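Understanding the architecture of this molecule
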Amino acid sequence: MNFDKEIFLKRKKYPIFLFLIILTTGFVFVDLVDGDWKSLENSLDNLSVFFYESLWPPNWKVLEARSYPVCDRNWDILCSPAYIGIIETLKIAFVSTGLGFILSLPLATLASRNLNRDSIAIPFRLLLSVMRTLPSLIWAIFFVILIGLGPISGVMAMTFYTIGYLGKLQYETIEGLSKDPLDAAKAMGLTNFEIIMRVVIPESANNLISQLLFMFEYNVRHGSVIGIVGAGGIGYYISTYLKFLQYDKVMALLIVLFLVVVIIDFLSIKARSYFVDDVSFKYPSFFQRILRRK
Amino acid sequence: MSDIVSAVDLKIGYSPSTVLANIDNLQINEGEIISIIGESGIGKTTLLKNIAYLVKPISGKLLVFNSTSYPQRGSVGYIPQKLGLINHETVYFNVLEGAVCNESVFRSITGFHEEKVVDTVKDSITLMDLSHKIDEPIKYLSGGQQRRVAIARTMAQGPKLILADEFLSELDDKTANSVWNIMQEYVKQNNITLIIVEHNIQRALLADRCLKLEKVTDSSSSILVEVDK
């Protein structure tokens, strides 16, 4: 059998490419470490000491009622830092996702190039891009300075980030719509607003709902981070315990947060599966019946 | 008979450097059924889009309803190749999209539709024999049924000019002929002008006039000629 070099290189193009990526990553990593390999050698030992001496076992007192204010509810857990924190995080995530969705949809329709001229679409794309560039944590610092400590700053920060993030997902969905329904509606003489209400939103509704659920799930995870700068939620308690070096309580709160995020992830994936088009078989769903979408 | 579409020295395409077709003279009268044939990529769809004001001509004069400005709301019905239906929505919702052209934008958006508009929608659906599918989403209908929904949407709109782009493609002969007959009967009864892009020559020759876009030697663009029947 003759060895054809050209065919060999063509067939081996992707493995060679992959090998080059790994090699480059290795070189850059070595360059970053800059000979200081000792710091890496100790890291695992440090982690195990920190884990067993400070983090483990978790301190489940975070599930008990706080000493002040006095608990007036039937169960102690309802007055616990973990419960209060997680509920506040969920509330912040819920309100900011809802507000973000309501505000991002008009902006996304204005940023879509298949609905508007570039002179209109590009400034709105830039606006969404600016809102997305700053992470929610930076927005939170900004609003804590403007409004003060508390969940309202959290809601504002998460809303701003949601607008930027969700807006981008939305205008990409709108731009991915088939041209034909839009052309038919334009030729009929429908106004731009009518086209958005009668064609764009109904045709992309499944994706928009799916993105909304994804954003809620995302905001719950990030809602815990913004609390660290005083914007409310479970992050506030995490940051307080960190300040007082109560790492075992931090660990307990992280476990609670992890469980809540897993549950929300599961519910969100389940709910989103009813709104994704490319599912060959779907069970008749509760959501479909409520929203009358088949 | 008045001119519905007229064009003189019209150049169509997507950029001045790549003109798809040169149309020296085109006159289409009220109530005429015109079919346009030609190879793929020769500019048939672009010509329809120019008439529908979806694409601007590169140069030349194009008059629709004796005017160069955008036609009156609802006067042009356009059925794209893939029909342009809203797949997730029901037959009723899709047909209503055509009918809202006959009421104010406020009513169309708020959903407070006039009674006559709702009646038109129901009548069009009944006429297309889709009453039993009225609440069915488009994506669950067969190709033939989807085409009937597209016709019902246009009927409910009540346009003076219908532009249909290969909307019978992908259908078996029996279904295509039945849909074509329904369309032909409807436009003749209501004195509507129909311009249809068609691949099937036999069906195209059933129109009042058949126009062909064909390549000219020594030129990258095509010209429009009338086919002798």
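Going along each chain's sequence as written, the residues are numbered from 1 onward. Think of it this way: whatever chain is written first is A, whatever ligand is written first is 1, and the rest follow in order. Totals for whole chains, interfaces and linings use all residues, but because this is a predicted model, local features are given only for residues with pLDDT of at least 70 and pairs of side-chain atoms are given and counted only at 80 or more. Excluded from the side-chain calculations are hydrogens and water; all other atoms, namely the structure's heavy atoms, are used.

**A look at the overall build of chain A**
In this description a helix means any DSSP run of H or I spanning at least four residues, a strand means any run of E spanning at least two, and both kinds are numbered starting from the N terminus. Along chain A, the regular secondary structure elements total 12 helices and 0 strands. Secondary structure elements of chain A occur, N-terminal to C-terminal, as α-α-α-α-α-α-α-α-α-α-α-α. Each residue is assigned to one of three classes by its accessible area relative to the maximum for its type, calculated with a 1.4 Å probe on protein chains only: buried under 20%, partly exposed between the two thresholds, exposed over 50%. In chain A, buried positions account for 39% of the 294 residues. Two residues qualify as a contact provided that any one of their heavy atoms is within 4.5 Å of a heavy atom in the partner residue. Taking the intrachain contacts of chain A between residues at least 6 apart in sequence as the baseline, contacts between residues at least 24 apart amount to 68%.

**Quick look at the overall build of chain B**
Within chain B, the secondary structure is distributed over 7 helices and 9 strands. Computation of the radius of gyration draws on C-alpha atoms, with the globule rule given as 2.2 Å multiplied by the number of residues to the power 0.38. Scaling as 2.2 N^0.38, a compact globule of 229 residues should have a C-alpha radius of gyration of about 17 Å, and chain B matches this with 18 Å. In terms of overall dimensions, chain B has C-alpha extents of about 55 × 40 × 35 Å along its principal axes. Residues classed as buried in chain B amount to 53% of the 229 residues present. Considering only contacts within chain B whose residues lie at least 6 apart along the sequence, 70% involve residues at least 24 apart.

**A look at the UniProt feature "domain: ABC transporter" (unreviewed entry) in chain B**
UniProt positions are given in the numbering used here, feature names are shortened, and annotations may be inferred rather than shown by experiment. Using the residue numbers shown here, the UniProt feature "domain: ABC transporter" (unreviewed entry) corresponds to residues 5–229 of chain B. In the segment residues 5–229 of chain B, helix accounts for 32% and strand for 28%; the C-alpha atoms at its two ends are 22 Å apart.

**Details of the interface of chain B and chain A**
The interface of chain B with chain A comprises 34 residues on the first partner and 23 residues on the second. Summed over both sides, the interface of chain B with chain A buries roughly 2300 Å², with 54% coming from carbon and sulfur. By buried area we mean how much accessible surface two parts lose on assembly, using a 1.4 Å probe and totalling the loss over both. Considering only the surface of chain B that becomes buried against chain A, His88, Glu97 and Ile109 of chain B emerge as the three largest contributors, covering 25% of it. Salt bridge, as used here, is a side-chain nitrogen of Lys or Arg placed within 4 Å of a carboxyl oxygen of Asp or Glu. On the surface where chain B and chain A come into contact, there are 2 salt bridges. Of the charged contacts, one joins Arg73 of chain B and Glu194 of chain A as a salt bridge, the two residues approaching to 2.6 Å between their closest N and O atoms. Any pair of nitrogen or oxygen atoms within 3.5 Å is treated as a polar contact; in protein, a donor-acceptor pairing is required on top of that, and neighbouring residues in sequence qualify only through side-chain atoms on both sides. The interface formed by chain B and chain A holds 9 residue pairs in polar contact (both at pLDDT 80 or more) in total. Of all the secondary structure elements, the ones that give two or more residues to the side of chain B that touches chain A are β5 (76–79), α2 (91–99), α3 (105–110) and α5 (143–157) of chain B. The dominant element in the side of chain B that touches chain A, judged by the number of residues it contributes, is α2 of chain B, at 4 residues. In this classification, the charged set is Asp, Glu, Lys and Arg, the nonpolar set is Ala, Val, Leu, Ile, Met, Phe, Trp, Tyr, Cys and Pro, and all remaining amino acids, among them Gly, are polar. Here the residues of the side of chain B that touches chain A are counted per class, giving 17 nonpolar, 9 polar and 8 charged.

**Some points on helix α8 (residues 179–188) of chain A**
Residues and elements named next belong to chain A. For α8, the buried fraction is high: 8 of the 10 residues fall into the buried class. Buried within α8 are the following residues: Asp180, Pro181, Leu182, Asp183, Ala184, Ala185, Ala187 and Met188. Residue Ser178 occupies the N-cap position of α8, its side-chain oxygen lying 3.3 Å from the main-chain nitrogen of Asp180.

**Brief notes about the packing of aromatic side chains**
Two aromatic rings, drawn from Phe, Tyr or Trp (for Trp, its six-membered ring), form a pair once their centres lie within 6.5 Å of each other, and the interplanar angle then sorts them: stacked below 30 degrees, edge-to-face above 60, tilted otherwise. Under the defined criterion, the tally for this structure stands at 13 aromatic pairs over all chains. Centroid distance Tyr236 of chain A to Tyr237 of chain A: 5.3 Å. Interplanar angle 75°. Geometry classified as edge-to-face. Tyr236 of chain A gets classed as partly exposed once you look at its relative accessible area, which sits at 43%. Of note, Arg198 of chain A hangs over the ring of Phe93 of chain B, and the distance from its end group to the ring centre comes to 5.1 Å. For a ring to carry a charge above it, either NZ of a lysine or CZ of an arginine must fall within 6 Å of the ring centroid while also lying within 35 degrees of the normal to the ring plane. Positioned above the aromatic ring of Phe65 of chain B is the side chain of Lys160 of chain B, whose terminal nitrogen or guanidinium carbon lies 5.9 Å from the ring centre.

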